[in-house]
Amino acid sequence: MARGTYDASVARLLLAEDDDGIRLPLARALEREGYAVDAVADGTSAATMGEENDYALIVLDIGLPGLDGLEVCRRVRRADADVPILFLTAQDSELDAVAGLDAGADDYVTKPFGLAELMARVRAQVRRSAPEVLRAADVAVDPSARRAWVGDHELDLTPKEFDLLELLVRNSGQVVVRDRIMDEVWDENWFGSTKTLDMHVSSLRRKLGDDAAAPTRVVTVRGVGLRFEA
Ligand code: CA
């Protein structure tokens, strides 16, 4: 991600499965879930794609023509040790092989599998690997990188301004009461006046391009708290 820009690209998955009856509907289902999917039907392509690209998850059949899934896993892991791999196994003997794999599978699903079950496993693995980015309207917040954007413009925020924005965006559309803001952004031993909060809200509004007299992003709910408009 280039500094100052926000990359809105979705999580990209590699699906390697030679059975058309599984690969085609599974690729469609994953795309419906919002993932970008590269689907391949042989192990050689899977290894090459896995080595060259940075995937959020690889869904890997074991019985593949060319290279089998275990060998694909070994090669891909040499290029990117951290990429999550979810195996599709057909038999108990394959399951034993997965369990004994040095590189280790992150998870596996035994055929025949239900689509709902597989999707739940996929979501869990992608969540683990892909950084969470919070979004509300045209504002994006990346808590792990501590970066925030309005559209393509990266914001220059103080630590407290960032914490405040993250809390509000995480709860966008809902009122966040003042006590909770003070607890989560400042600490529970903070006994000062709420002037500090007001100052940070003003500054945050200015940086977000919000009109102080009639804010449309960070809205004050009089006597209660703040709401970030979704
Ligand atoms: Ca197969």
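Residues numbered from 1 in each chain as written. Predicted model: local features only at pLDDT ≥ 70, side-chain atom pairs only at ≥ 80, totals over all residues. Heavy atoms only, no water.

Participant: So what about the sheet that holds strand β1 (residues 12-16)? Which residues, and what values?
Facilitator: Read across the open sheet, the five strands follow the order β2-β1-β3-β4-β5; overall the sheet is parallel. The sheet terminates laterally at β2 (36-40) and β5 (107-110), the two strands that pair on one side only. Averaged over neighbouring strand pairs, the angle between their axes works out to 15° when direction is ignored. Inspection of the sheet shows β1 paired to β2 by five bridges, in the parallel sense. By the bridge assignment for β2, R12 is matched with A36. Packed on one face of the sheet, helix α1 (residues 20-32) meets β1, β2 and β4 (85-89) and runs near 170° to β2. (Pairing = 2+ DSSP bridges. Helix = DSSP H or I, 4+ residues; strand = E, 2+ residues; numbered from the N terminus. Axes fitted to C-alpha atoms, helices over the stretch in contact; angles between N-to-C directions. Contact = heavy atoms within 4.5 Å.)

Participant: Quick rundown of the coordination of the calcium ion? Include the residues and the values.
Facilitator: A four-donor tetrahedral metal ideally has 109.5 degree angles, and a six-donor octahedral metal ideally has angles of 90 or 180 degrees. Distances from the calcium ion to its protein donors, namely D18 (OD), D61 (OD) and G63 (O), fall within the range 2.1 to 2.4 Å. Here the donor residues for the calcium ion map to a single chain with the spacing D-x42-D-x1-G. Of the two residues, D18 sits in the loop between β1 and α1 while D61 sits in strand β3 (residues 57-61), which places them 43 residues apart along the sequence. Judged by relative accessible area, D18 falls into the partly exposed class, the value being 33%. Look at D61 and you get buried, because its relative accessible area is 2%. (Donors = N, O, S within 2.8 Å, 3.2 Å for Na, K, Ca; no water. Buried < 20%, exposed > 50% of the residue type's maximum accessible area, 1.4 Å probe, protein only.)

Participant: An account of the pattern of salt bridges is requested, with residue identities and associated values reported.
Facilitator: Tallied over the entire structure, the rule returns 18 salt bridges. Across the salt bridge formed by R12 and D38, the nearest N and O atoms sit 2.7 Å from each other. One end of the pair, R12, is in strand β1; the other, D38, is in strand β2, and 26 residues separate them in sequence. Taking relative accessible area as the criterion, R12 reaches 37% and is therefore assigned partly exposed. Exposure remark for D38: the relative accessible area of 17% places this residue in the buried category. R23 is the salt-bridge partner of D20, the closest N and O atoms lying 2.8 Å from each other. With D20 and R23 both in helix α1, this residue pair falls three residues apart, about one helical turn. Through salt bridges with shared partners, a single network forms among E17, D61 and K111. (Salt bridge = Lys/Arg side-chain N within 4 Å of Asp/Glu carboxyl O.)

Participant: Go over the domain arrangement of the protein with me, naming the residues and quoting the values.
Facilitator: Taken domain by domain, the protein consists of domain 1 (12-129) and domain 2 (134-228). With centres defined by C-alpha atoms, the gap from domain 1 to domain 2 works out at 40 Å. (Domains from an automatic or database assignment.)

Participant: Lay out a nonpolar patch on the surface with the relevant residues and their values.
Facilitator: On the surface, V175, V177 and V224 cluster together into a nonpolar patch covering about 190 Å² of accessible area. Residue placement: V177 occurs in strand β10 (residues 175-177). (Patch = residues over 30% accessible without salt bridge, like charges linked within 9 Å, V, L, I, M, F, W, Y side chains within 5 Å. Areas by Shrake-Rupley, 256 points an atom, 1.4 Å probe, with all protein chains shown as cover.)

Participant: Any details on helix α3 (residues 69-79)? Residues and values, ideally.
Facilitator: Those residues of α3 that sit buried are G69, L70, V72, C73, V76 and R77. Each buried residue of α3 sits inside an arc of 155° when the element is viewed along its axis, so together they form one side. At the N-terminal boundary of α3, the capping side chain belongs to D68, with an oxygen 3.1 Å from the backbone nitrogen of L70. (Arc of directions from axis to C-beta. Polar contact = N/O pair within 3.5 Å; in protein donor to acceptor, adjacent residues only side chain to side chain.)

Participant: Go over the environment of R121, please, and point to the residues and values.
Facilitator: In this fold, R121 is placed in helix α5 (residues 115-129). Each C-alpha atom, one on R121 and one on R75, is 23 Å from the other, the two residues being 46 residues apart in sequence. Setting aside residues up to four positions removed in sequence, R121 forms contacts with L86, D107, Y108 and V109.

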